[in-house]
Amino acid sequence: MPTATTAPATGVPAGSRGAGVRRRARWATLRRARHGVPALVFALPVLIVFLLFSWGPVVRGLVMSLQKTNLVDPVLWVGLENFRYVLQDPLVGQATLNTLWFTLLALLFGFPVPVLLAMFLSELRGRSWLYTTLAYLPVIMPPVVAILLWRFFYDPSSSGLFNSILGVFGLGPFPWLDSPSSAMPSIVLEATWAGAGNAVIIYLAALTSVRADLYEAAELDGAGIVRRIWHVMLPHLRGVLLLMLLLQVVGTMQLFTEPLLFTGGGPQNSTVTILLLIYNYAFVNGDYGAATALSVLLALALAALSAAFQLATRRWSTE
Amino acid sequence: MSATERGALSVTDRRQPRVRVPFVIGQVVVLAGLLVAGLGPLLWLLKAAISPTQDSVRKPLALFPSGEIQWQNLATAWQQGHIGYYLGNTAIIAAGTAAASLVVCATAGYVLSVLRPRWGGLLSAAVLATLFVPHIVSLVPLYLTVLELPVTHTNLTNTFWAVWLPPAANAFNVLIVKRFFDGIPREYFEAARIDGAGTLRVFTALVLPLSRPILGVVALLSIISSWKDYLWPLLVLTNPDLQPISVALPKIAKVTELNIQLAGLFLALVIPVALFLVFQRAFLRGVGLSGGIKA
């Protein structure tokens with residue numbers, strides 16, 4: 001742009017083109033502008049949104065966990081009373097065990113399959129888009145749609161969809177969501193199906209960064225296919241694998257939609273999770289203090305887990 | 001992936017029958033498994049959406065055992081369940097979420113990557129820190145914030161702002177956009193400044209057009225995540241006239257007959273699947289990116 005009129009944000013008057021002194025002066029204004037008001041104006045959206053909806057609520061949550069509040073009566077400072085109340089609630093113990101059980105099952109079912117699938121898909125030439133598309137389709141399904149559909153699949157009668165399929169092999173009928181012992185594994189099965197595609201894509205992205213000459217070098221050194229996979233492919237995945245492990249644990253600890261829509265926490269509280277309990281405290285009982293106290297406890301546990309995980313894996317990753 | 005690249009298997013490996021035969025068998029098995037797990041539920045839902053209830057309940061594996069195809073299920077679900085109306089709400093919510101996210105991450109990226117004020121480091125650390133705080137701590141206080149905003153004391157519940165704005169505070173989006181802006185050669189900005197372009201003009205005429213690909217990825221990711229969201233709209237949009245399809249479906253499911261319910265599920269699924277098939281490349285790239293950033 002030939003003239004300075006195109007610089008409204010800096011407030012430089014038009015026609016300041018010409019003498020070197022004035023040009024230098026304009027540069028100085030611009031530089032000051034970068035550090036002054038214009039930069040602040042551009043930072044406003046991120047500042048406002050993060051203040052209101054991210055930093056603010058975190059601080060407010062920490063404060064609220066020490067208060068008694070139901071939005072009607074005046075706010076009361078109660079110290080650690082909420083934490084005592086929450087820790088004495090027998091349902092919290094049950095929910096913690098249920099959540100840990102879910103996480104364990106999710107790791108057993110859900111962790112190895114995407115890794116193996118991605119390793120296999122990365123060896124395909126041509127047509128691999130067909131495989132990735134198919135693997136990603138469940139991820140596209142909105143969770144509510146998937147859950148309502150699977151709730152039908154899990155029909156406990158012998159003519160239910162899954163029971164009919166298993167019936168062909170002479171198995172079942174299984175009660176699926178109707179029995180306290182199989183309800184949680186059924187939920188894990190659906191959640192695994194719904195999430196596996198995402199993990200496959202992330203592993204595949206990591207595998208494409210493995211340089212071909214590493215495989216060639218290994219091959220020249222006489223490494224067979226199995227050893228190439230073990231010594232070249234897997235070490236490359238290690239960082240992502242560890243990270244996905246952590247993300248999966250943190251994610252499954254916050255499970256909510258599935259137990260709410262599948263079973264509502266039943267049968268016999270076998271699928272009550274910590275987040276479902278937080279939801280009930282806050283939005284069913286109106287006890288916001290107890291809800292935030294439990295949230296803070298969960299967040300602390302997750303933070304401790306992440307920190308321990310970082311410490312433990314630092315040694316492996318720098319090896 | 002181009003044909004010249006290689007993985008653990010070399011070209012010579014692939015020619016050996018010892019390797020080729022199990023590899024081909026593996027491909028068939030994996031493809032069959034993916035067809036059943038990925039496409040199976042979709043196809044079954046399509047079939048059930050146009051079947052009488054009794055067919056789906058009594059013989060879920062058979063193809064139209066009573067010989068009747070009820071196309072009218074789809075129309076009934078559309079009208080009785082107001083599926084079209086709820087899909088409209090969902091689209092408004094998704095579009096607004098994407099717009100809010102784009103404004104926040106594009107301007108933030110510009111400040112952090114191009115303008116680089118002295119306090120930029122502090123801002124980016126504060127944004128990054130939120131990646132490490134589990135969302136769960138802030139669920140309840142976030143709800144109370146939306147119920148009564150600080151300073152202005154506005155109540156955002158039952159307005160679309162309640163679902164548009166909070167997801168915009170997404171550190172991951174800010175981070176990928178900033179990284180993309182970092183990759184734009186600095187000479188461009190200097191040249192533009194020498195030509196007399198101001199801060200705003202550099203942003204609108206230079207940075208935004210250059211960063212269309214990454215902004216597209218951010219828009220897609222926020223559209224899909226808002227389309228899938230359930231808990232948050234359930235909490236803040238209690239007025240049924242504003243609710244998205246995800247909140248409406250469980251309620252519809254309670255009061256309608258099974259064949260109509262399944263038809264409704266199918267209708268709710270068509271748009272995300274179509275979007276995915278059209279923008280497949282960008283989708284998968286976005287997900288891959290997220291893995292790269294998190295790692």
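In this text, all values refer to a predicted model and were calculated from it rather than measured experimentally.

*Asks:* So what exactly am I meant to see when it comes to the overall build of chain B here?
*Replies:* Each helix and strand in chain B was counted, giving 16 helices and zero strands. Computed over its C-alpha atoms, the radius of gyration of chain B comes to 25 Å, more than 25% above the 19 Å expected for a compact globule of 295 residues. When its C-alpha atoms are laid out on the principal axes, chain B stretches across 75 × 65 × 35 Å. Relative to its full complement of 295 residues, chain B shows a buried share of 54%. Sequence separation of at least 24 residues holds for 71% of the intrachain contacts in chain B that already meet a minimum separation of 6. Entry remark: accessible area of chain B is about 13,400 Å², with carbon and sulfur atoms responsible for 66%. Here chain B contributes 22 positively and 12 negatively charged side chains, and the mean placements of these two sets differ by 8 Å.

*Asks:* Help me understand the interface of chain A and chain B, please; the structure alone is not making it clear to me.
*Replies:* Accessible area lost when the parts come together is the quantity often used to give the size of an interface. Each partner contributes to the interface: chain A provides 100 residues, whereas chain B provides 111 residues. For the pair chain A and chain B, the number of links is zero salt bridges. One can count eight residue pairs in polar contact (both at pLDDT 80 or more) joining chain A with chain B. Ranked by residue count, the leading element in the side of chain A that touches chain B is helix 2 (residues 37–64) of chain A, at 19 residues. In terms of residue class, the side of chain A that touches chain B is built from 73 nonpolar, 18 polar and nine charged.

*Asks:* Mind showing me how you'd approach the packing of helix 9 (residues 180–207) of chain A against helix 11 (residues 225–252) of chain A here?
*Replies:* Two packed helices can be described by the angle between their axes and the distance between those axes. Residue and element names in this part refer to chain A. Where helix 9 contacts helix 11, the axes come no closer than 9 Å and their chain directions differ by 140°. Taken together, the axes of helix 9 and helix 11 are oblique relative to one another. Crossing of helix 9 against helix 11: the hand is right-handed. Where helix 9 approaches helix 11, its residues Ala199, Ile202, Tyr203, Ala206 and Leu207 are matched on the opposing element by Met233, Leu237, Val240, Leu241 and Met244.

*Asks:* What should I look at first to understand the nonpolar core in this one?
*Replies:* Side chains that are nonpolar tend, in soluble globular proteins, to be buried together. Ranked by internal contacts, the top residues of the largest apolar core, which has 101 residues, are Tyr203 of chain A together with Leu249 of chain B. In terms of residue count, the dominant contributor to this core is helix 9 of chain A (12 residues). In this structure Leu249 of chain B touches Val144, Val145 and Leu148 of chain A together with Ile83, Gly264, Leu265 and Ala268 of chain B, once residues within four positions along its chain are discounted.

*Asks:* Teacher, can you tell me more about the UniProt feature "transmembrane region" (unreviewed entry) in chain A here?
*Replies:* Residue and element names in this part refer to chain A. Those residues carrying the UniProt feature "transmembrane region" (unreviewed entry) are residues 36–56, 100–121, 133–154, 189–209, 229–247, 259–282 and 288–309 in this numbering. With 54% helix and 0% strand, residues 259–282 has its two end C-alpha atoms placed 17 Å apart. Across residues 288–309, the secondary structure splits into 100% helix and 0% strand, with the terminal C-alpha atoms separated by 31 Å.

*Asks:* Teacher, can you tell me more about the packing of aromatic side chains here?
*Replies:* Here the distance between the centres and the angle between the planes together describe a pair of aromatic rings. Within the structure shown, the criterion is met by 26 aromatic pairs over all chains. Note on Tyr85 of chain B and Tyr86 of chain B: the rings are 5.9 Å apart at their centroids and 75° apart in plane angle, and the pair reads as edge-to-face. Here Tyr85 of chain B falls in the partly exposed class, since its relative accessible area comes to 44%. Residue classification places Tyr86 of chain B among the buried positions, given a relative accessible area of 11%. Pairwise contacts between aromatic rings join Trp150, Phe152, Phe153, Tyr154, Phe162, Phe174, Trp176, Trp193 and Phe262 of chain A together with Trp44 of chain B into one cluster. One Lys or Arg, Lys68 of chain A, reaches over the ring of Tyr85 of chain A and ends 5.8 Å from the middle of that ring.

*Asks:* What am I meant to see in the confidence of the model for chain B here?
*Replies:* As a note on interpretation, predicted positions should not be read in detail where pLDDT is low. In the predicted model, chain B carries a mean pLDDT of 88, and 96% of its residues have values of at least 70. Model confidence for chain B, summarised as mean pLDDT per element, is weakest for helix 16 (residues 280–294) of chain B at 69 and strongest for helix 8 (residues 161–164) of chain B at 96.

*Asks:* Explain the UniProt feature "domain: ABC transmembrane type-1" (unreviewed entry) in chain A here, please?
*Replies:* Using the residue numbers shown here, the UniProt feature "domain: ABC transmembrane type-1" (unreviewed entry) corresponds to residues 96–309 of chain A. Overall, residues 96–309 of chain A shows 75% helix and 0% strand. The separation of its end C-alpha atoms is 20 Å.

Thresholds, definitions, all that
Residues numbered from 1 in each chain as written. Chains lettered and ligands numbered in written order. Predicted model: local features only at pLDDT ≥ 70, side-chain atom pairs only at ≥ 80, totals over all residues. Heavy atoms only, no water. Helix = DSSP H or I, 4+ residues; strand = E, 2+ residues; numbered from the N terminus. Rg over C-alpha atoms; globule rule 2.2 N^0.38 Å. Buried < 20%, exposed > 50% of the residue type's maximum accessible area, 1.4 Å probe, protein only. Contact = heavy atoms within 4.5 Å. Areas by Shrake-Rupley, 256 points an atom, 1.4 Å probe, with all protein chains shown as cover. Lys, Arg positive; Asp, Glu negative; His and termini not counted. Charge placed at Lys NZ, Arg CZ, Asp CG, Glu CD. Salt bridge = Lys/Arg side-chain N within 4 Å of Asp/Glu carboxyl O. Polar contact = N/O pair within 3.5 Å; in protein donor to acceptor, adjacent residues only side chain to side chain. Nonpolar A, V, L, I, M, F, W, Y, C, P; charged D, E, K, R; others polar. Axes fitted to C-alpha atoms, helices over the stretch in contact; angles between N-to-C directions. Parallel < 35°, antiparallel > 145°, perpendicular 65-115°, else oblique. Left-handed = near helix turned anticlockwise from the far one by under 90°. Core = buried A, V, L, I, M, F, W, Y, C linked by side-chain atoms within 4.5 Å. UniProt positions renumbered as here; feature names shortened; annotations may be inferred. Phe/Tyr/Trp six-rings, centres within 6.5 Å; stacked < 30°, edge-to-face > 60°. Lys NZ or Arg CZ within 6 Å of the ring centre and 35° of its normal. pLDDT = per-residue confidence, 0-100.

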